[in-house]
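Below, each chain spelled out in residue letters.
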Amino acid sequence: LDRARSGRRPFFFMANSHDPHRPFAGSDQEKHTRLRETGDGYPDPSRIYHPGEIQVPGFLPNLPEVRREVAEYLSSCRRADDTVGAILKALDESGEAKNTIIIFLSDNGMAFPYAKANCYLSSTRTPLLVRWPGRVTPGVDRTHFICGVDFMPTILEIMRLPQPGDMDGTSFLPLLCGESQSGRESVFTTINTLASARAFPMRCLQNHRYGYIFNAWSDGQTVYRNESQTGRTWAAMQQASESDPAIAARVDFFSHRVVEELYDLENDPACLNNLATRPEFATLLGRMRVQMREAMEKTSDPQLELFIEVAGMRR
């Protein structure tokens, strides 16, 4: 900020907080990491959350170790807030706050089973806050869907810079100015290779009411694994599954999945009840299959042929 002011030039500044990635604040993973580091290690957040004061997300079982890890996660979120606060304070002190567009976003859901590195609502519904003094009126848009590929064209349009002609995204500048925008009634989300370099391709077509997921990797034998299973929650779920049939079913489903999932996100945002095999939802399932195929064709999706085969959508 000092260099930008002294050089009298516009600036772009991107700050990436580690939080709330693992290791979560106060967790055993973090303590072990601190022991390996020199200096002070990770700073403590300004507020520590405790298991007794938190609400467990609906997609997770309410077990003591789950509550403990969710509390650690929320403490990490607070540490991220502390980081953002320090940046905003520096911006205020620079005198440039009124001339700066601030965009806060997250790249994925919380690092727990049935969230991060999947295509559920809890996986891809992430924060987006924009502050643009004099242009953005405070409020919440609950109508339009946007996705990550939309950020580049939006920022280019804001800066009045030329845009490449082959971008998949679309600027959502009209939404920031309080206008409506067509073509944002649904969103197509994907995941392919995880940090482990293992491929678990998933696709989701989601609108305001329903989410339809295609798990290209699910074959009844392949076992899903990702980083979100390395903490307290997955271990607690596995242990509880030995005596609790409902949790055992959740553990097995997360591990193996099925090829198609369909959820009523209005009444079941935790995605607990798969409607894909229910006869009364056959028409809806067929309609969302068509929309999924259109999205995959538009993006030249490498899983398209497999989708056409397993979904029974012969050419």
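Report follows, based on the coordinates. (Residues numbered from 1 in each chain as written. Predicted model: local features only at pLDDT ≥ 70, side-chain atom pairs only at ≥ 80, totals over all residues. Heavy atoms only, no water.)

Of the regular secondary structure elements, the protein chain holds 10 helices and 6 strands. The C-alpha radius of gyration of the protein chain comes to 22 Å, within 12% of the 20 Å expected for a compact globule of 315 residues. Over its C-alpha atoms, taken along the principal directions, the protein chain stretches across nearly 65 × 50 × 35 Å. When each of the 315 residues of the protein chain is scored for burial, the buried share is 41%. In the protein chain, the share of contacts with a sequence separation of at least 24, taken over all contacts with a separation of at least 6, comes to 58%. (Helix = DSSP H or I, 4+ residues; strand = E, 2+ residues; numbered from the N terminus. Rg over C-alpha atoms; globule rule 2.2 N^0.38 Å. Buried < 20%, exposed > 50% of the residue type's maximum accessible area, 1.4 Å probe, protein only. Contact = heavy atoms within 4.5 Å.)

Applying the stated rule across the entire model yields 21 salt bridges. Across the salt bridge formed by Asp82 and Arg78, the nearest N and O atoms sit 3.8 Å from each other. Note that Asp82 and Arg78 are positioned in helix H3 (residues 64–94) at a spacing of 4 residues, about one turn of the helix. A relative accessible area of 27% means that Arg78 is categorised as partly exposed. Where Glu266 meets Arg209, a salt bridge forms, and the shortest distance between an N and an O atom there is 4.0 Å. Here Arg209 lies in the loop between strand S4 (199–207) and strand S5 (210–215) and Glu266 lies in the loop between strand S6 (260–264) and helix H9 (282–298), a separation of 57 residues in the sequence. Judged by relative accessible area, Glu266 falls into the exposed class, the value being 55%. If you follow the salt bridges from partner to partner, you end up with Asp28, Glu65, Arg68, Glu72 and Arg232 in one network. (Salt bridge = Lys/Arg side-chain N within 4 Å of Asp/Glu carboxyl O.)

Turning our eyes to something else, we now look at the packing of H3 against helix H7 (residues 232–240). With their axes 8 Å apart at the nearest point, H3 and H7 run at an angle of 170° to one another. With respect to their mutual orientation, H3 and H7 come out roughly antiparallel. Where H3 approaches H7, its residues Glu65, Val66, Arg68, Glu69 and Glu72 are matched on the opposing element by Arg232, Thr233 and Ala236. Partitioned by chemical class, the residues of the contact of H3 with H7 number 2 nonpolar, 1 polar and 5 charged. (Axes fitted to C-alpha atoms, helices over the stretch in contact; angles between N-to-C directions. Parallel < 35°, antiparallel > 145°, perpendicular 65-115°, else oblique. Nonpolar A, V, L, I, M, F, W, Y, C, P; charged D, E, K, R; others polar.)

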